[in-house]
Amino acid sequence: MARVSKPLHGGNIYRVARSLACDPCDIVDFSASINPLGPSPHVWKAIASSRHLLSHYPDPDCWILRRALAAFWRIDPDQIVIGNGSTELIDALPRALEIHRLLVVQPTFSEYAAAMGRAGRQVTALYADRTSHYAIPVDRLCRAMERGRNEGRSFDGVILCNPNSPTGQACMVGDLVRLAKVAHRQGVWLIIDESFADYCSDRSVLQRAVSWPYVVVLRSMTKFYALPGLRVGYAVSAYPTAGRLQRQLPPWSVSVMGQVAALAAINDEAHARKSLVFMKQERERFQARLTALAGCRVIPTHANYCFVELPRGQSARDITERLRTRGVLIRDCSSVPGATSRSVRLAVRTRMENDRLLRELSQLLLNKDSR
Ligand SMILES: Cc1ncc(COP(=O)(O)O)c(C=O)c1O
């Protein structure tokens, strides 16, 4: 039987556990960047008290969740479309917006190109510069968008990941406003993936997007709210765009428990505050310790992960593999276009887990040939 190959993503603890013959929960996962404090305690209570809903279909309109998100962001519920993770929305956007060629800024999340491929559409790339810490090249992007169709512009949509995965770089709001204006003038779609923007809310344009006809902002409940297993994400846009996107989604794509848990999660402000305080402190400590590992280059980050170039002579693939055999999963980024053969992405986890990774990593780097 032919094996189906899927794009590689972080977080596949199941595959690693199968290969090590252990329980998936024994794997320490630095490859998917999930809030290490876990979901809000309110989520567990909400799930337990909603068990009776399992024998019914979920609300296909996600009405209560949409209304709560709308109140949270002070926008209209009709400007929000909820999907089975932001991945489902990324998948639907090329069809919904009739994007035929999408510009991506590499290195970035591979699912944008994968979704275009599944829709039989094209992708074109602009590369962020490694020597400037992969800062998002806003001026070059503006110039590329400014070119009219008859002046050789080959794309009709742009996707920006802000903050970007895997690099952790984020555009300032002023730059995003500039890009949105050009998008409007040129009739180019601008999709801004804010899946990690909970960690840098001063870089978000979500609330402005509702008045920009060519902009869609994506959010995820996976990362900051730590609900990857429940699959909830949403898109925010002007009304006609939201309608176009909604029509591309299958009914009931967001489960009962996904809706219930997401609602409980956004209502727990105390857990959100605690998570931000924790991340700020632990990320600083983790970054400093990583930087102290001889030869490692740590890119400044606005998210809950660090993009790291391992020392010269090391291979991201090899180190990832050797950590895997020790039950530690990191994201090998060597195959991400624009990254190097030494690039890895490391989630910031609990202090104890981070110390374990730092210990294992420094042993492997010091003793390159020991297996
Ligand atoms: C940048 C980015 N956007 C979107 C997603 C998809 O998130 P989800 O479908 O879990 O909401 C991911 C997942 O890794 C991601 O890294």
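Per-chain numbering applies: the sequence of each chain, read as written, is numbered from 1 onward. Only residues with pLDDT of at least 70 are given local features in this predicted model, and only at 80 or more are side-chain atom pairs given and counted; all residues enter the totals for whole chains, interfaces and linings. Excluded from the side-chain calculations are hydrogens and water; all other atoms, namely the structure's heavy atoms, are used.

(A) Looking closely at the overall build of the chain. Secondary structure elements follow DSSP: runs of H or I no shorter than four residues count as helices, runs of E no shorter than two count as strands, and numbering proceeds from the N terminus. Each helix and strand in the chain was counted, giving 13 helices and 13 strands. A principal-axis box enclosing the C-alpha atoms of the chain has dimensions of 60 × 60 × 50 Å. Within the chain, buried positions represent 55% of all 371 residues. In what follows, residue pairs with any heavy atoms lying within 4.5 Å of each other are defined as contacts. Intrachain contacts of the chain at a sequence separation of at least 6 include 72% that bridge at least 24 residues. Accessible surface area values rest on a Shrake-Rupley calculation with a 1.4 Å probe, where residue burial reflects the displayed protein chains alone. Element-wise, carbon and sulfur atoms account for 52% of the exposed surface of the chain, whose accessible area totals about 17,100 Å². Only four residue types enter the charge count: Lys and Arg as positive, Asp and Glu as negative, with His and the chain ends excluded. Here the site of a charge means NZ on Lys, CZ on Arg, CG on Asp, or CD on Glu. Positive and negative side-chain charges in the chain, numbering 50 and 33 respectively, have mean positions lying 3 Å apart. Here's how the labels work: a residue is buried when its accessible area is under 20% of the maximum for its type, exposed when over 50%, partly exposed in between, all with a 1.4 Å probe on protein chains only.

(B) Geometry of the domain arrangement of the chain. The domain boundaries assigned to the chain delineate domain 1 (13–38 + 270–366) and domain 2 (41–267). Segmentation of the chain into domains, including their bounds, is taken from an automatic or database domain assignment. Computed from C-alpha atoms alone, the centre-to-centre distance between domain 1 and domain 2 is 25 Å. Contact with domain 1, which involves 27 residues of that partner, is made by 27 residues of domain 2. Interface area, domain 1 with domain 2, both sides summed: about 2,300 Å², of which 61% is carbon and sulfur. Salt bridge, as applied in this entry: a Lys or Arg side-chain nitrogen positioned within 4 Å of an Asp or Glu carboxyl oxygen. Across the salt bridge formed by Arg130 and Glu309, the nearest N and O atoms sit 2.7 Å from each other. Two N or O atoms form a polar contact when they lie within 3.5 Å of each other; inside protein one atom must be a possible hydrogen donor and the other a possible acceptor, and for residues adjacent in sequence the pair counts only when both atoms belong to side chains. Here domain 1 and domain 2 share nine residue pairs in polar contact (both at pLDDT 80 or more) between them. Elements represented by at least two residues in the side of domain 1 that touches domain 2 include exactly helix 11 (269–291), strand 9 (297–299) and strand 10 (305–309). With five residues, helix 11 is the single largest residue contributor to the side of domain 1 that touches domain 2. Buried area is calculated as the accessible area (1.4 Å probe) missing from two parts once they are joined, with the contributions of both summed.

(C) Structural view of the state of the cysteines. Any two cysteine sulfur atoms lying within 2.5 Å of each other are counted as a disulfide. Throughout the structure, instances matching the rule amount to zero disulfides. Of all cysteine sulfurs, the one in Cys171 lies closest to Cys142, which takes part in no disulfide; the gap is 9.4 Å. Summary of cysteine pairing: Cys161 is not part of a disulfide, and the nearest cysteine sulfur, belonging to Cys200, is at 10 Å.

(D) Quick look at empty space enclosed by the protein. Think of a 1 Å grid over just the protein atoms. A cavity is a set of points where a 1.4 Å probe fits yet cannot get out, a pocket is an open set with protein on both sides within 12 Å along at least five of seven lines, and lining residues have an atom within 4 Å of a point. Grid points are joined across faces, edges and corners, and a volume is the space filled by probe spheres set on the points. Per the counting criterion, the structure on display carries three cavities of 30 Å³ or more. There is about 70 Å³ of room inside the largest cavity. As for the largest cavity, its lining consists of Ile90, Leu93, Pro94, Ile99, Leu102, Tyr112, Ala115, Met116, Ile159 and Ile191. Counting residues per element, the ones that place at least two in the lining of the largest cavity are helix 4 (85–96) and helix 5 (111–118). Under the scheme applied here, ten amino acids are nonpolar (Ala, Val, Leu, Ile, Met, Phe, Trp, Tyr, Cys and Pro), four are charged (Asp, Glu, Lys and Arg), and all others, including Gly, are polar. Considered class by class, the residues forming the lining of the largest cavity number ten nonpolar, no polar and no charged. Of the voids in this model, the second largest cavity is the one considered here, and its volume is about 50 Å³. Contributing to the lining of the second largest cavity are Leu69, Phe72, Trp73, Asp198, Arg219, Ser220, Met221, Tyr225, Tyr234 and Ile266. Elements supplying a minimum of two residues to the lining of the second largest cavity: helix 3 (63–73) and strand 7 (215–220). By residue number, the principal contributor to the lining of the second largest cavity is helix 3, which donates three residues. Class assignment of the residues belonging to the lining of the second largest cavity gives a composition of seven nonpolar, one polar and two charged.

(E) Layout of the packing of helix 12 (residues 316–325) against helix 13 (residues 351–366). The angle between two axes is taken between their N-to-C directions and runs from 0 to 180 degrees, where each axis is a line fitted to C-alpha atoms and a helix contributes only its stretch in contact. Between helix 12 and helix 13, whose axes approach to 11 Å, the crossing angle comes to 125°. Taken together, the axis directions place helix 12 and helix 13 in an arrangement best described as oblique. Once helix 12 is placed against helix 13, the crossing between them reads as right-handed. In this structure, helix 12 contributes Ile319, Arg322 and Leu323 to the contact, and helix 13 contributes Leu357, Glu360, Leu361, Leu364 and Leu365. Residues that form the contact of helix 12 with helix 13 fall into these classes: six nonpolar, no polar and two charged. Roughly parallel means an angle under 35 degrees; roughly antiparallel, over 145; roughly perpendicular, 65 to 115; everything else is oblique. Two helices crossing with the near one rotated counterclockwise from the far one by less than a right angle form a left-handed crossing, whereas a clockwise rotation gives a right-handed crossing.

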